[in-house]
Amino acid sequence: MTASIDAHVRLDTHPTHPSAVQAVLTGTQARVASMALEAAGWSVAATNVLVLARIDHEEPYWAADAAQHLIAEGITVEITPRLQEAIDEEWTWANYPMPWLTRSGIREVSSEAQKIHDDIRNGHLLIHAHAHDGNATVAVGTYLHRGGKSVYLHGEDHLRQVSGTFDSPASALLAFEKAHADGMRPGPAPLTDTERAAIAARSVFDVTASKPEPTRPEPETVPVYLADAGDHDALLDSFLDTHGEFEKWRTWSDETTHAIHESQTLRIERVHETPAHETAWTVAAYETPVSDRMWVLTTTGATPAPVLQNLLIHLADGDGWDTVISTLVDEKTVTAATQPLSDAGWKHTVNGRRILWTSPGGDAGVQFDAFAAQHANQNLATWTIWAGPDSNRPTWAITASQHTPSPLLADLSETLAHETGTRQTQPGREQRTSLATSVSAAPAVSASRPTSRSR
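Calculation rules
- Residues numbered from 1 in each chain as written.
- Predicted model: local features only at pLDDT ≥ 70, side-chain atom pairs only at ≥ 80, totals over all residues.
- Heavy atoms only, no water.
- Pairing = 2+ DSSP bridges.
- Helix = DSSP H or I, 4+ residues; strand = E, 2+ residues; numbered from the N terminus.
- Axes fitted to C-alpha atoms, helices over the stretch in contact; angles between N-to-C directions.
- Contact = heavy atoms within 4.5 Å.
- pLDDT = per-residue confidence, 0-100.
- Parallel < 35°, antiparallel > 145°, perpendicular 65-115°, else oblique.
- Left-handed = near helix turned anticlockwise from the far one by under 90°.
- Nonpolar A, V, L, I, M, F, W, Y, C, P; charged D, E, K, R; others polar.
- Buried < 20%, exposed > 50% of the residue type's maximum accessible area, 1.4 Å probe, protein only.

K.L.:
Describe the sheet that holds strand β4 (residues 49–52), and please don't skip the residues or the numbers.
P.N.:
Here five strands make up an open sheet; going across it, the order is β3-β4-β2-β1-β5 and the pairing mixed. The sheet is open, and its two edges are formed by β3 (43–46) and β5 (76–79), each paired on a single side. Averaged over neighbouring strand pairs, the angle between their axes works out to 30° when direction is ignored. Pairing of β3 with β4, which is carried by three bridges, proceeds in the antiparallel orientation. Bridging across to β4, S43 finds its partner in V51. Helix α2 (residues 59–72) rests against β1 (8–13), β2 (21–26), β4 and β5 of the sheet, and its axis sits at about 155° to β5.

K.L.:
An account of the confidence of the model for the protein chain is needed here, citing residue identities and associated values.
P.N.:
Across the protein chain, the average pLDDT comes to 83, with 85% of residues at 70 or higher. Low confidence marks residues 427–455, where pLDDT is under 50. Its contacts with residues over four positions away, or in another chain, come to 44 contacts.

K.L.:
Provide a residue-level description of the packing of helix α7 (residues 232–242) against helix α8 (residues 305–316), including the pertinent values.
P.N.:
Where α7 meets α8, the axes come as close as 10 Å, and the angle between the chain directions of the two elements is 20°. Viewed along their axes, α7 and α8 adopt a mutual orientation that is roughly parallel. In this structure, α7 meets α8 at a crossing whose hand is right-handed. Residues H232, L235 and F239 of α7 form the contact with α8, whose own contacting residues are A305, L308, Q309, L312 and A316. For the contact of α7 with α8, the class distribution of residues is six nonpolar, two polar and no charged.

K.L.:
So, unusual backbone geometry: which residues are in play, and what are the values?
P.N.:
With a phi close to 60°, N48 is a non-glycine residue in the positive phi region. One non-glycine residue with positive phi stands out, namely E273, at about 55°. The residue E273 is located in the loop between β14 (266–271) and β15 (279–286) in this model. The exposure class assigned to E273 is exposed, which follows from its relative accessible area of 75%.

K.L.:
Help me get a handle on the sheet that holds strand β9 (residues 161–166), residues and values and all.
P.N.:
Reading across from one edge, β9-β8-β7-β6-β10 is the order of the five strands in this open sheet, with antiparallel pairing throughout. Of all strands in the sheet, those bounded by a partner on one side alone are β9 and β10 (185–186). Across two bridges, the pairing between strand β6 (residues 125–133) and β10 is antiparallel. Residue pairing for β10: H130 is matched across the bridge by R185. Across the sheet, helix α4 (residues 103–121) touches β6, β7 (136–143), β8 (150–154) and β9, and the angle it forms with β6 is around 120°.

Put into structure tokens, the structure is as follows:
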């Protein structure tokens with residue numbers, strides 16, 4: 001029977017990792033299969049090559065599960081004999097601490113641990129601190145996209161569990177500090193061997209091709225809000241190298257970096273490899289290390305490098321991230337934040353609850369939302385800075401909460417109104433040739449599989 005989708009997935013054991021699984025995709029609709037696998041937790045390792053590398057060593061089981069779902073969608077799936085052998089293999093964890101559990105029960109515990117690991121790796125669960133409690137690692141963190149729930153974590157790898165929940169980061173940190181004051185350390189615990197092995201498994205394949213660098217035209221000078229995004233990671237590295245008062249913390253997968261001020265009241269989060277329109281930076285200020293945040297500012301992945309650099313310089317000056325959160329934003333505060341725009345002749349309009357300042361060319365703007373300014377508890381953006389076709393389709397954007405200090409906003413306004421940056425000259429429209437996608441055969445396994453997977 002011919003598959004309804006022109007995609008073929010070949011599932012095989014990983015060339016170096018003992019339990020990981022690789023998928024090689026071919027066909028004109030291979031992207032459909034790739035998206036389905038990515039949604040199931042597989043990682044893109046090279047063009048049309050994906051890897052499933054978990055911390056619970058259950059990759060063969062979940063590869064078989066993925067195969068069933070792909071086949072149901074009309075995608076052809078091939079499972080190599082050696083992977084089928086791993087799928088059929090019966091194995092158990094040695095010295096498992098919960099001997100009363102069945103095999104399916106053990107897998108359920110491991111799956112929950114995997115979800116916690118993935119949430120941390122993907123930047124959804126921010127770990128505030130960790131400690132060692134006897135033979136186990138414990139940690140406290142907050143989910144950034146689940147209503148802000150804070151959790152107490154116990155254990156490592158496939159045994160990590162949520163053993164307590166809190167209503168706020170402040171209450172979670174206070175309880176954690178009370179229980180582990182002597183051994184408490186900021187940020188996540190160091191990577192375990194299992195976590196390092198999973199990261200390595202996703203990095204085996206060479207995703208770079210030996211292609212000559214195309215000749216690049218000379219960059220042009222443009223208003224700063226039209227400048228290229230540049231290298232955000234290099235900006236962060238330079239900032240940390242020159243400002244020792246900020247300490248660098250990495251998440252387990254190296255996908256997120258945290259820069260925490262020595263006072264622990266100012267925290268900068270950088271999410272690497274972020275799409276242009278998604279949040280790549282988050283800056284948050286706190287009255288004390290264990291209090292709720294006073295204000296928060298976010299920027300998207302395409303924010304121009306000079307804008308980000310000036311923002312970081314302002315934060316490093318250490319002057320102006322404190323604010324009085326009991327004071328409502330008034331006309332004086334708004335005027336102070338936007339005076340550089342008014343002085344530079346930016347157009348000032350009022351549209352219902354929003355006040356707008358728009359650049360002379362109409363390709364950038366600053367928006368103040370008077371309603372959000374009076375309803376901070378609804379997590380609405382009070383300030384939005386953008387550039388692009390219009391505010392609804394921005395090329396990049398910065399959002400800031402109600403109590404973001406006016407000196408910081410004024411500094412950003414000054415940057416937008418008067419500074420310039422560079423942009424790579426856009427080449428003329430070129431005729432593109434459609435090339436057939438080819439995938440080389442999957443690498444052969446260099447080492448034989450162990451006869452037993454007992455842990």
